[in-house]
Amino acid sequence: MGEVIVITSGKGGVGKTTTVANLGTGLALMGNKVVLVDTDIGLRNLDVVLGLENRIVYDIVDVVTGNCRLKQALIKDKRFETLFLLPAAQTKDKTAVSEEQMKELTNSLKEEFDYIIIDCPAGIEQGFKNAIAGAERAVVVTTPEVAAVRDADRIVGLLEANGLSEPKLIINRLRPLMVKKGDMMDIDDMIEILAIDLLGVIPEDEMIVVSTNRGEPVVLEKQARAGEAYRNIAKRITGEAVPLMNLDAEGFVSRLRRLFGVG
Amino acid sequence: MKNTSSAVYGFEDEGKVGEKHSRVNGGHGNVSKKKSTVVDGANTILLQRTLRSGQAVRYPGNVVIMGDVNPGAEVMAGGNIIVMGSLRGVAHAGAEGNEKAVVAAFRLKPTQLRIASHFTRAPDGDYPEPEYPEIAKIIDGMVIIENYHQGSNKAFNLEQSFR
């Protein structure tokens, strides 16, 4: 039986879709059978970020309304045999699916897959309610900004009210230099407010822009720091204890040391 | 507008997008040996606007669009689809099974191109942007894309008729 994990945030644009794509790919890299479900109906992006948009024939609305079988709608990833995508519909909106239908859907998916990762839309309305309907674990993504943390706090409250206690936190787009200067919230400040366990921290990385535009998740890029962070998070999801990356900007000597495996 | 989705998705296979459409440079269309009959004037609608992401047009006849079709938009026609602009979304011509339907555009760059029950997408990786108007049609059971020669009646498969 698989685990259903919802990636949510409240705030838009903090990196939920990117996280779903990279976590999913990271878990598939490790050999797990993974399905990614896009519930952002009307504003679908997960397919673009995975580079699978021109393979879409059926979508989640077709599945829940019985227009097609679940298997027909699942799209196998370009690169990994064990990674699948269930895309959202673009020509409908979030009222096209109900919470009951989502629960049925996630129950069917649990029988086939090790991990079911749900990409939640921004907001707290029907889209959010649908996304958390079948979920067992929740991950909250936020950026180190006051507005984002406010919204994340609201979301944590709603998750707890809906029985998803102990969500985990991912801090995205951290800039260590700004944190040092005092211009950006640091990890401890955020955990103090949100009071949930930290799952991982992802540094700001230009490679993300390149990778999402190309449809090639950054987790596949060995040189990218964001990629390494996502790979670590994937390992932690499976229960492995991985220490947090050293996020300080690397100097030449420390980079040399790292290359030679010393220190 | 009639909703043709049930007629469209009625084929045996898993609905996977299999074929990749191939471009033939300067090719010529299938010339019918029979006497050319009048091409029926099936009902045609004209849209004088761009279709944005999430918008869909479904019509049992032909569809002509003076504007673009953006990625995320869908055009489904029982007949032909002509886009006087950039086609970047999904176009499905011959949606009710007519394999003689064609899709033509000033810039043919669809995310997915479908004619009758043939679903195709561009090959992976970068390939050159089309510089001239092109037309997609089924020849010998495969979706072929050719340059669209102005004024050529070879562009269209003759004797198509749908009411």
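Residues numbered from 1 in each chain as written. Chains lettered and ligands numbered in written order. Predicted model: local features only at pLDDT ≥ 70, side-chain atom pairs only at ≥ 80, totals over all residues. Heavy atoms only, no water.

Chemist: Could you clarify how one ought to interpret the overall build of chain B in this entry?
Modeler: When its secondary structure is counted, chain B shows 1 helix and 13 strands. The order of α-helices and β-strands along chain B, N terminus first, is α-β-β-β-β-β-β-β-β-β-β-β-β-β. Relative to its 163 residues, chain B shows a buried fraction of 48%. Put simply, 36% of the contacts in chain B that link residues at least 6 apart link residues at least 24 apart. When the accessible surface of chain B is totalled, it reaches about 8300 Å², and 49% of it is carbon and sulfur. (Helix = DSSP H or I, 4+ residues; strand = E, 2+ residues; numbered from the N terminus. Buried < 20%, exposed > 50% of the residue type's maximum accessible area, 1.4 Å probe, protein only. Contact = heavy atoms within 4.5 Å. Areas by Shrake-Rupley, 256 points an atom, 1.4 Å probe, with all protein chains shown as cover.)

Chemist: Sorry, what's going on with the pattern of salt bridges here?
Modeler: Pairing between side chains of opposite charge can happen when the charged atoms of each approach one another. Under the defined criterion, the tally for this structure stands at 12 salt bridges over all chains. Here Asp40 of chain A makes a salt bridge to Lys94 of chain A, at a shortest N to O gap of 2.7 Å. Of this pair, Asp40 of chain A sits in the loop between β2 (34–38) and α2 (46–50) while Lys94 of chain A sits in the loop between β4 (83–86) and α5 (99–110), placing them 54 residues apart in sequence. In this structure, Asp40 of chain A and Lys94 of chain A share a single accessibility class: buried. In this structure, Glu129 of chain B engages Lys109 of chain B in a salt bridge whose closest nitrogen and oxygen atoms are separated by 3.2 Å. In this pair, Glu129 of chain B is assigned in the loop between β11 (118–121) and β12 (134–139) and Lys109 of chain B in the loop between β9 (103–108) and β10 (112–115), connecting sequence segments 20 residues apart. Where salt bridges share partners, they join Arg173, Arg175 and Glu204 of chain A into one cluster. (Salt bridge = Lys/Arg side-chain N within 4 Å of Asp/Glu carboxyl O.)

Chemist: Please clarify how helix α9 (residues 187–194) of chain A should be interpreted in this entry.
Modeler: Helical geometry: 3.6 residues make up each α-helical turn, so side chains three or four residues apart lie on a common side. Measuring from the side-chain oxygen of the N-cap residue of α9 of chain A to the backbone nitrogen of Asp188 of chain A gives 3.0 Å; that N-cap residue is Asp186 of chain A. Positive backbone phi, at 55°, marks Ala195 of chain A, one or two positions downstream of α9 of chain A. (Polar contact = N/O pair within 3.5 Å; in protein donor to acceptor, adjacent residues only side chain to side chain.)

Everything listed here is a matter of coordinates, which is why it stays silent on function.
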